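# Residue-level structural notes
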Amino acid sequence: ASIFAFRSSHFSTAADPFSKQPNPPSVPNLIGGAFAKSQSSASIDVINPATQEIVSQVPLTTTEEFKAAVSAAKKAFQSWRNTPVTARQRVMFKLQELIRRDIDKLALNITTEQGKTLKDAHGDVFRGLEVVEHACGTATLQMGEYVSNVSNGIDTYSVREPLGVCAGICPFNFPAMIPLWMFPVAVTCGNTFILKPSEKDPGASVILAELAMEAGLPDGVLNIVHGTNDIVNAICDDDDIRAVSFVGSNTAGMHIYSRAAAKGKRVQTNMGAKNHAIIMPDASTEATLNALVAAGFGAAGQRCMALSTAVFVGDSKSWENKLVEAAKGLKVNAGTEPDADLGPVISRQAKERICKLIQSGVESGAKLLLDGRTIAVPGYEHGNFIGPTIISNVTADMECYKEEIFGPVLLCMEADSLDEAISIVNRNKYGNGASIFTTSGVAARKFQTEIEAGQVGINVPIPVPLPFFSFTGNKASFAGDLNFYGKAGVNFFTQIKTVTQQWKNLPGSSAVNLAMPTS
Ligand code: NAD
């Protein structure tokens, strides 16, 4: 049985907003192989966004506990780095099997704490599971290179060695996938790890860590510390932590990037987005509208690869009405309800912020074609629901366009030509993803070549690469130079060492030569 008994069965309804359970469970830290309740007196409520029920309490881990986690990771590194890579891979083989076994439990935890539909929560786990599968091939991915006889009797080869203690800081929107972007790659390369889950939905990380321990990960290789800004700053500042992976907003990401780099750490930060779709008039209408609705409103728009802006080129502008009809057909409900297409947004504050941005669009002259702000969801009147919202006549100077909304809101813009549409997209500061919908290979190729986004879709709305590629955000959506997962992920979590050896004409058997050696 899980040591962390979250109360997913308590899906209370409208009658008891902010229902106080007698003792909401405290989410445990994992330090040196032991799941333990934090000694901290400060904690934050984890709230079910569909009901406002307090699911659990996440502690603000103390400095002593944080130090104990780092020291456990440092100690475990000594033997883990010398554990054969095949043995490390076998832990991942077992872990992928255990995640499959417990996928329903993980998905229910995600829906309870994060709000997305159960089907979408399964996808959240599954896309992370694929990284675990890929980590089973780390030995091949970590291989070095060898050139024989670079000079007379001299060979050079490179090896990729683990860094030591690494850390990961996670956002709320993918409670399973993003921790799984991080620790499986890091630990299979031979590192040990400190994971800081989102304080809004930490449960999936704890379940995944339980499974990793069951799979045979030795004590101290994976540690979890909960908290917010203070614990994140402690991670950035700690001299024993060698690398930091971060996924989340630009405000936090750029702070972490500079603070951790100032301490000499390797840092990769995946950040915010404003993903555009360009719709050419020759695109297949129905397939394109379905794609726009799914990618704009799926997960209530809380995906970093959500399509949040549609740029209609020429005659495709007339499709807006059909788009509104398609969006009206979506069912907004608690994620555990079988008919739900989209669930609530993460918090009351998030709902307020999204509604303000919608209002600012209206006030600056945009046209509200579909307004989801006043939606009522029977049985879940206290949930943070916003229905699909579509705003047209949006221009680049509007607040709702400049800010990442991160809610079920699709902005519509217009362009007379593909050139104009590409230039709208490229002027945006973000560069996470962009898609084109067209039946013209010429238009698609031009788009692929000229667009300044890291992940490009051609008739594909959410082009998130599978783990044998990397997640390649661009411009303000990413800082660092080695991306998450794939070969770049292995490079991020390893230090390259280049060895030059001579087993012929050994030093001493030749004359002294003070010139720079050449061959
Ligand atoms: P967030 O930045 O608020 O929180 C992310 C993490 O940073 C959390 O663990 C939080 O505790 C910590 N944090 C927040 N503010 C901090 C501060 N001032 N100092 C130190 N630590 C801080 O992000 P979120 O709201 O959880 O996630 C949503 C954001 O994540 C969106 O901007 C979304 O686009 C982005 N995101 C990006 C990707 C990607 O791959 N590019 C993927 C998922 C989410």
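Parameters at a glance
- Residues numbered from 1 in each chain as written.
- Predicted model: local features only at pLDDT ≥ 70, side-chain atom pairs only at ≥ 80, totals over all residues.
- Heavy atoms only, no water.
- Helix = DSSP H or I, 4+ residues; strand = E, 2+ residues; numbered from the N terminus.
- Rg over C-alpha atoms; globule rule 2.2 N^0.38 Å.
- Buried < 20%, exposed > 50% of the residue type's maximum accessible area, 1.4 Å probe, protein only.
- Contact = heavy atoms within 4.5 Å.
- Lys, Arg positive; Asp, Glu negative; His and termini not counted.
- Charge placed at Lys NZ, Arg CZ, Asp CG, Glu CD.
- Polar contact = N/O pair within 3.5 Å; in protein donor to acceptor, adjacent residues only side chain to side chain.
- pLDDT = per-residue confidence, 0-100.
- Pairing = 2+ DSSP bridges.
- Axes fitted to C-alpha atoms, helices over the stretch in contact; angles between N-to-C directions.
- Near = heavy atom within 4 Å.
- Areas by Shrake-Rupley, 256 points an atom, 1.4 Å probe, with all protein chains shown as cover.
- Phe/Tyr/Trp six-rings, centres within 6.5 Å; stacked < 30°, edge-to-face > 60°.
- Lys NZ or Arg CZ within 6 Å of the ring centre and 35° of its normal.

We now examine the overall build of the chain. Secondary structure summary: the chain contains 16 helices and 22 strands in total. Expected size for 519 residues packed as a compact globule is a radius of gyration near 24 Å; at 25 Å, the chain falls within 12% of this value. Per-residue burial over the chain gives 57% buried out of 519 residues. Partitioning the intrachain contacts of the chain with sequence separation of at least 6 by distance along the chain shows that 73% fall at a separation of at least 24. Separation between the mean location of the 45 positive side-chain charges and that of the 49 negative ones in the chain comes to 5 Å.

Moving on: the side chain of Ser245. Mapping Ser245 onto the fold places it in strand β10 (residues 241-247). Classification of Ser245 as buried rests on a relative accessible area of 0%. Within the structure, Ser245 has its side chain in polar contact with the side chain of Gln268 (distance 2.6 Å). Once residues within four sequence positions are removed from consideration, Ser245 is found in contact with Ala167, Gly168, Ile169, Met182, Gln268, Phe484, Phe492 and Phe493.

We now examine the confidence of the model for the chain. When pLDDT is averaged along the chain, the result is 95, and 95% of the positions lie at 70 or above. pLDDT under 50 marks residues 6-18. Its contacts with residues more than four places away, or in other chains, come to 37 contacts. For this predicted complex, the interface confidence comes out at an ipTM of 0.99, alongside a pTM of 0.96.

Attention now goes to the side chain of Asn191. Within the fold, Asn191 resides in the loop between α6 (177-188) and β8 (192-196). For Asn191, the side chain forms a polar contact with the main-chain nitrogen of Leu163, separated by 2.6 Å. Engagement of the side chain of Asn191 in a polar contact is seen with the backbone nitrogen of Gly164, the distance being 3.0 Å. With residues up to four places along the chain from it excluded, the contact list for Asn191 reads Phe77, Trp80, Pro162, Leu163, Gly164, Cys166, Ala186, Val221 and Phe493.

Attention now goes to the sheet that holds strand β6 (residues 154-162). Taken in spatial order, the three strands line up as β5-β6-β22 in an open sheet, and their pairing is antiparallel. Of all the strands in the sheet, just β5 (145-151) and β22 (494-502) have a single pairing partner and so form its edges. Pairwise comparison of adjacent strand axes, ignoring direction, gives a mean angle of 25° for this sheet.

Neighbouring residues of the ligand: 26 residues in total, closest Cys170, Lys196, Glu199, Ser249 and Glu404. Interatomic distance of 3.3 Å between a backbone N/O atom of Gly248 and an oxygen atom of the ligand. In this structure, an oxygen atom belonging to the ligand sits 3.0 Å away from a side-chain N or O atom of Asn270. Calculation on the ligand without its partners gives an accessible area of 840 Å², and the protein chains cover 88% of this total. Listing elements by their share of the shell around the ligand, those giving two or more residues are α6, α8 (229-237), β10 and α9 (250-262).

Right, let's talk about the packing of aromatic side chains for a bit. As enumerated under the stated definition, the model contains eight aromatic pairs in all. Their ring planes at 65° and their centres at 5.5 Å tell us that Trp181 and Tyr485 sit as a pair that is edge-to-face. Of this pair, Trp181 sits in helix α6 while Tyr485 sits in the loop between β21 (478-479) and α16 (486-492), and the two are 304 residues apart along the sequence. Considered together, Trp181 and Tyr485 belong to a single accessibility category, that of buried residues. Site record: aromatic cluster; members linked through ring pairs are Trp181, Phe471, Phe484 and Tyr485. The ring of Phe174 carries the charged tip of Lys116 above its face, separated from the ring centre by 4.0 Å.

Before going further, it helps to examine the environment of Thr438. Tracing the sequence through the fold places Thr438 in the loop between β18 (433-437) and α15 (441-450). Residue class for Thr438 comes out buried when judged on its relative accessible area of 4%. Here the alpha-carbon distance between Thr438 and Ile278, two residues 160 residues apart in the chain, equals 8.6 Å. The residues contacting Thr438, other than those within four sequence positions of it, are Met280, Asp282, Ala283, Ala443, Ala444 and Asn459.

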